[in-house]
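Fold and geometry: a report
So you can see what is in the structure, the chains are spelled out below.
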Amino acid sequence: MSRSVALFLVLLLSACGLLSKEVKDSKNWSASKYYSEAKSELNEGNYGGAIKLFEALEARYPYGRFAQQAQLEVAYAYYKDGEQATAIAAADRFIKLHPNHTNVDYAYYLKGLSNFNDDLGLMGIVSEKILNQDMSERDPKASRESFENFKELVSRYPKSKYAADAVQRMKHLVNVVALNEVQVARYYIKRGGYVAAANRAQYALKEYPQTPATEEALFIMMKSYDALGMTDLRDDAHRVMKKNFPDSRFFEDSTGKSAEPWWRFW
């Protein structure tokens, strides 16, 4: 065994020993003491420590307002600790156990935030921070779920203090999902899958109208229909695009002059 591995194991065992001592020392704490200590850890950014204390609080004092609040706070702690799936599970549990709680709207909000910020772990950090990949280039599953979470919050609790922020995030998420559809359509068209590209672009237009993706979706339809020899559909798409985006960049080539023919530009 290498010295570095041995050192790691020693540190790990030492940490376990410290945790055991912490639990032992806290066995006589009251519910309020557990809660205040957990909040202190949370405020200091020690999310792992806060999670352990909130869970210990609920285990030792499963009833009462401190246990209820701990169930909600632990969902937030998991969210801040980057454990999105666990945060969502904790929020769902709180909603199920306390559907009429005064702060249940926050549980719905946390679910939306957890999906909204689901960056797929380390690879998400690499793609966003290093490769500058935006949300529309990822799997849209989390974005769709986040939208539904925020939609449920706004529908159930329109006067919630989190509703306004949820609405703004929903607007962003619609754009993200629409752009993702266009990304897929662009993938198909570059590989000669013109039918699939046209269908995907048409879907984006139908499901997500009046988003920034609309302009390129129309262009993809035009280009796809042209490649398929469907000139009537191509010209229909062109008329719609010309009416709504008369100065579209897709009507010009890279020099700024009109492209000939216009539908062959990319």
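This text gives an overview of the structure that appears in the document. Not measured: the values here are computed from a predicted model.

**A closer look at the environment of S224**
Examined against the element boundaries, S224 turns out to sit in helix α11 (residues 214–227). By relative accessible area, S224 is classed as buried at 0%. Along the backbone, S224 and A201 are 23 residues apart, and their C-alpha atoms lie at a distance of 9.6 Å. The residues touching S224, leaving out its near neighbours within four places in the chain, are I189, Y194, A197 and A198. For S224, the side chain forms a polar contact with the main-chain oxygen of I220, separated by 2.8 Å.

**What about helix α5 (residues 84–97)?**
Since one α-helical turn is 3.6 residues long, residues separated by three or four positions face the same way. With 14 residues, α5 ought to run about 20 Å at 1.5 Å a step, and its terminal C-alpha atoms sit 20 Å apart, in line with that. Within α5, the full set of buried residues consists of Q84, A87, I88, A90, A91, F94 and I95. Projected down its long axis, α5 shows its buried positions confined to an angular sector of 165°, all on one face. Facing away from the buried side of α5, by more than 90 degrees, are the exposed residues A85 and K96. Elements in contact with the buried residues of α5: α4 (65–80) and α6 (104–116).

**A word on the pattern of salt bridges**
Evaluation of the coordinates by the stated rule reveals 13 salt bridges. One connected set of salt bridges, linked through shared partners, spans R144, E181 and R200.

Analysis parameters
- Residues numbered from 1 in each chain as written.
- Predicted model: local features only at pLDDT ≥ 70, side-chain atom pairs only at ≥ 80, totals over all residues.
- Heavy atoms only, no water.
- Helix = DSSP H or I, 4+ residues; strand = E, 2+ residues; numbered from the N terminus.
- Buried < 20%, exposed > 50% of the residue type's maximum accessible area, 1.4 Å probe, protein only.
- Contact = heavy atoms within 4.5 Å.
- Polar contact = N/O pair within 3.5 Å; in protein donor to acceptor, adjacent residues only side chain to side chain.
- Expected span 1.5 Å × (residues − 1).
- Arc of directions from axis to C-beta.
- Salt bridge = Lys/Arg side-chain N within 4 Å of Asp/Glu carboxyl O.

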